[in-house]
Amino acid sequence: MIIARQKNIKDIAAMVEDCEKVLLVGCAGCVTVCLSGGEKETEILASALRIMRKLAGKPLATSTYTATRQCDPEFLTPLDGLVGEADAIISLACGVGVQYLAEKYPDKWVVPAQDTLFAGGATEHGRWDEKCGLCGDCILHRTGGICPVIRCPKSILNGPCGGSQHGRCEIDKDVACAWQLIYDRMKALGRLQDLTAVQPLKDWSKARDGGPRKALREDLMAR
């Protein structure tokens, strides 16, 4: 899932300082799971902004709505009846949701309440780690399900760099060496011989460096 972190409330308030009424839009997708932009966080942010503005002598009216997903137009239709009176929309989704709102309502000032961080998952309550580099050419079947592209700080694809010690990365001792993890995993699976095989070149043309990407499912598009 996409991991995001809410911006400092002062920064959010500054983006709508000239507004008298704002619509805050949460998302029930990834940002709800990572506890930064769901219905609860949307209501809390709305209350906090109202309090700040009241103390500043410049009251702010707010309304709220939490979409099932902001990255899917079919779930944004209910907003049509809410945006009219708002001077601005504050999106609590990831950067994808912010752009969907900006495209749907071109005459509205849409601002982000989140910093979109990475694709990852929870490792303990209140902690999320990056797990996928979104490279477009997955090689996890060759590395025991552990991604060297994103979990190795150097994105090395053919084994440890030589700088790791005792299974820890030389760049950050709090980070496990991805290739140590891969070796241990493959050994436990009895597949160490797979690591000695010559691997095909990775297709980096599918990665982000080639510009914005698209994913097409023609079987779905034809319906």
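Cut-offs used in this document
As a convention, each chain's residues are numbered from 1 in the sequence order in which they are written. Side-chain atom pairs in this predicted model are given and counted only at pLDDT of 80 or more, local residue features only at pLDDT of at least 70, and totals for whole chains, interfaces and linings cover all residues. As a convention, hydrogens and water are excluded, and side-chain values are obtained from all of the structure's heavy atoms. Exposure classes here rest on a 1.4 Å probe applied to the protein chains alone. A residue is buried below 20% of its type maximum, exposed above 50%, and partly exposed in between. Helix and strand definitions follow DSSP, with helices as H or I runs of at least four residues and strands as E runs of at least two, each counted in order from the N terminus. Along the arc lie the directions from the helix axis toward the C-beta atoms. Contacts were defined at the residue level, with two residues in contact if any of their heavy atoms lie within 4.5 Å. A pair of strands is considered paired only if DSSP assigns at least 2 bridges between the two. Axis definition: a line fitted to C-alpha atoms, limited for helices to the stretch in contact. Angles are taken between N-to-C directions and run from 0 to 180 degrees.

Under an unreviewed UniProt entry, the name given to the protein chain is Methylene-tetrahydrofolate reductase C-terminal-like domain-containing protein, and the organism recorded is Pelotomaculum schinkii.

Undergrad: Just to check I follow, could you spell out helix 6 (residues 178-188) for this structure?
TA: Structural remark: α-helix, 3.6 residues per turn; residues separated by three or four positions point the same way. When we look at burial in helix 6, the residues that qualify are Ala-178, Trp-179, Ile-182 and Met-186. For helix 6, the buried positions fall inside an angular range of 90 degrees around the axis, keeping them on one side. More than 90 degrees from the buried face of helix 6, the exposed residues found are Lys-187 and Ala-188. Against the buried residues of helix 6 lie helix 5 (148-151). Note on helix 6: the residue one or two positions beyond its end, Gly-190, has a positive phi of about 70 degrees.

Undergrad: For this particular structure, what's the right way to read the sheet that holds strand 1 (residues 2-6)?
TA: By definition, the strands of a sheet pair up through backbone hydrogen bonds, in either a parallel or an antiparallel sense. Pairing within the open sheet is antiparallel, and its three strands lie in the order 1-6-7. The strands lining the two open edges of the sheet, one partner per strand, are strand 1 and strand 7 (127-132). Across the sheet, the mean angle from the axis of one strand to that of its neighbour is 70 degrees, orientation sign disregarded. Where strand 6 (residues 114-124) and strand 7 come together, five bridges link them in antiparallel fashion. For Ala-122, the partnering residue across the bridge sits in strand 7 and is Trp-128.

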